[in-house]
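# Understanding the architecture of this molecule
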Amino acid sequence: MNHSARAFWLRSPGHGEIRDVTLAGPAEGEVLVRTLYSGVSRGTETLVFRGGVPESQHAVMRAPFQEGDFPGPVKYGYLSVGVVEEGPDALVGRTVFCLYPHQSRYVVPVSAVTVVPERVPAERAVLAGTVETAVNAVWDAAPLIGDRIAVVGGGMVGCSVAALLARFPGVRLQLVDADQARAKTAEALGVDFAAPGDALGDRDLVVHASATEQGLTRSLELLAAEGTVVELSWYGDRRVALPLGEAFHSRRLTVRSSQVGTVSPAARAGRGYAERMALALDLLADPALDALITGESAFGELPELMPKLAAGEIPALCHRINYTGNGLT
């Protein structure tokens, strides 16, 4: 069995490279996975690529199978789909999702992989990690039937949240983004779209995911009295100023964070990672979510691709990486 691999590393902020890896065979309770696809989450991963993770958050921001440390050299990433080549008989040949960096083969504990349902294409399953984040956000937001809701920020996380909220009966939902190109994505997801200046106000709930000070300010402006902003954005080392004077107190507005990776016991007690990830993969049976994948490149192109994604030269939600060529399979 082939135990060689290639991995993408951030050598230093703004500079990536592909390195050869030799893997040990899987021990008992482990699997060897051959990667089919991985996904670049444009928000978090480009922040890492630019070296924008604050020192105080280095431990919090570590990915499950990260190697190295911020700002680099570091091997980072968490959206990987592949086929089990070695391991327990029940898993060999199965397609699985894993929170692993961009690497052509890897060995992980059995507990780290989640089987992709047969009705979910491997190409779409790279979204599972982001949809699991969206599940957390919706649990934290706790929307009610008939709520007036806005999602501000049409990136990968914001669009995933909007796709889930659109399934709630009776909600009046808008996706709000300054980029008019996001209107096409919203249409594919079955969600109304508005530019920030045209967004409807008096919202019971606003989910903010634009990672901008302007977006969070606009989110507060869109709330009805006693409404709540659920903050999903990660600002890295940037400071954010908010208008907490004026009518913030008299209107009894709330801003609450939604933590990636954990769920408030008050939201869904006992719902661990494995159950949340299985739910996210089940939700990915919906082909409308293909709209979140906005491009594809070969694995070997990652060193040239990442600077373009980080600079915004390539507009992207999730950019999929294909491992099925370049002699990697």
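See above for the structure.
Here's a quick rundown of the structure. (Residues numbered from 1 in each chain as written. Predicted model: local features only at pLDDT ≥ 70, side-chain atom pairs only at ≥ 80, totals over all residues. Heavy atoms only, no water.)

Right, let's talk about the pattern of salt bridges for a bit. With the rule as written, the count across this model stands at 15 salt bridges. For Lys75, the salt bridge goes to Glu67, with nearest N and O atoms at 2.8 Å. A relative accessible area of 36% means that Glu67 is categorised as partly exposed. A salt bridge links Arg148 to Asp204; the nearest nitrogen and oxygen atoms lie 2.8 Å apart. Note that Arg148 is positioned in strand 10 (residues 148–152) and Asp204 in strand 13 (residues 203–208), a separation of 56 residues in sequence. A residue is classified by how much of its surface remains accessible, and Arg148, at 25% relative accessible area, is partly exposed. Put simply, Arg11, Glu17 and Arg19 are held in one network by salt bridges that share partners. (Salt bridge = Lys/Arg side-chain N within 4 Å of Asp/Glu carboxyl O. Buried < 20%, exposed > 50% of the residue type's maximum accessible area, 1.4 Å probe, protein only. Helix = DSSP H or I, 4+ residues; strand = E, 2+ residues; numbered from the N terminus.)

Moving on to the packing of aromatic side chains. Counted under the stated rule, the structure contains five aromatic pairs. On the numbers, 6.0 Å between centres and 90 degrees between planes, the contact of Tyr76 with Tyr78 is edge-to-face. Tyr78 gets classed as buried once you look at its relative accessible area, which sits at 15%. Ring centres of Tyr100 and Tyr106 lie 4.0 Å apart, and the angle between their planes is 10 degrees; this geometry places the pair in the stacked category. A residue is classified by how much of its surface remains accessible, and Tyr100, at 7% relative accessible area, is buried. In textbook terms, an aromatic cluster arises when at least three aromatic residues are bridged by ring pairs, as seen for Phe65, Tyr100 and Tyr106. Sitting over the ring of Trp9, Arg19 keeps its end group 4.4 Å from the ring centre. (Phe/Tyr/Trp six-rings, centres within 6.5 Å; stacked < 30°, edge-to-face > 60°. Lys NZ or Arg CZ within 6 Å of the ring centre and 35° of its normal.)

Viewed as axis vectors pointing N to C, helix 3 (residues 128–141) and helix 4 (residues 156–165) meet at an angle of 60 degrees, and their least axial separation amounts to 9 Å. Relative to helix 4, helix 3 is oriented oblique. In the packing of helix 3 onto helix 4, the handedness of the crossing is right-handed. For the pair helix 3 and helix 4, contact is made by Thr130, Val131, Thr133, Ala134, Val135, Ala137 and Val138 and by Met156, Val157, Ser160, Val161, Leu164 and Leu165, respectively. Looking at the contact of helix 3 with helix 4 residue by residue, the classes come out as 10 nonpolar, three polar and no charged. (Axes fitted to C-alpha atoms, helices over the stretch in contact; angles between N-to-C directions. Parallel < 35°, antiparallel > 145°, perpendicular 65-115°, else oblique. Left-handed = near helix turned anticlockwise from the far one by under 90°. Contact = heavy atoms within 4.5 Å. Nonpolar A, V, L, I, M, F, W, Y, C, P; charged D, E, K, R; others polar.)

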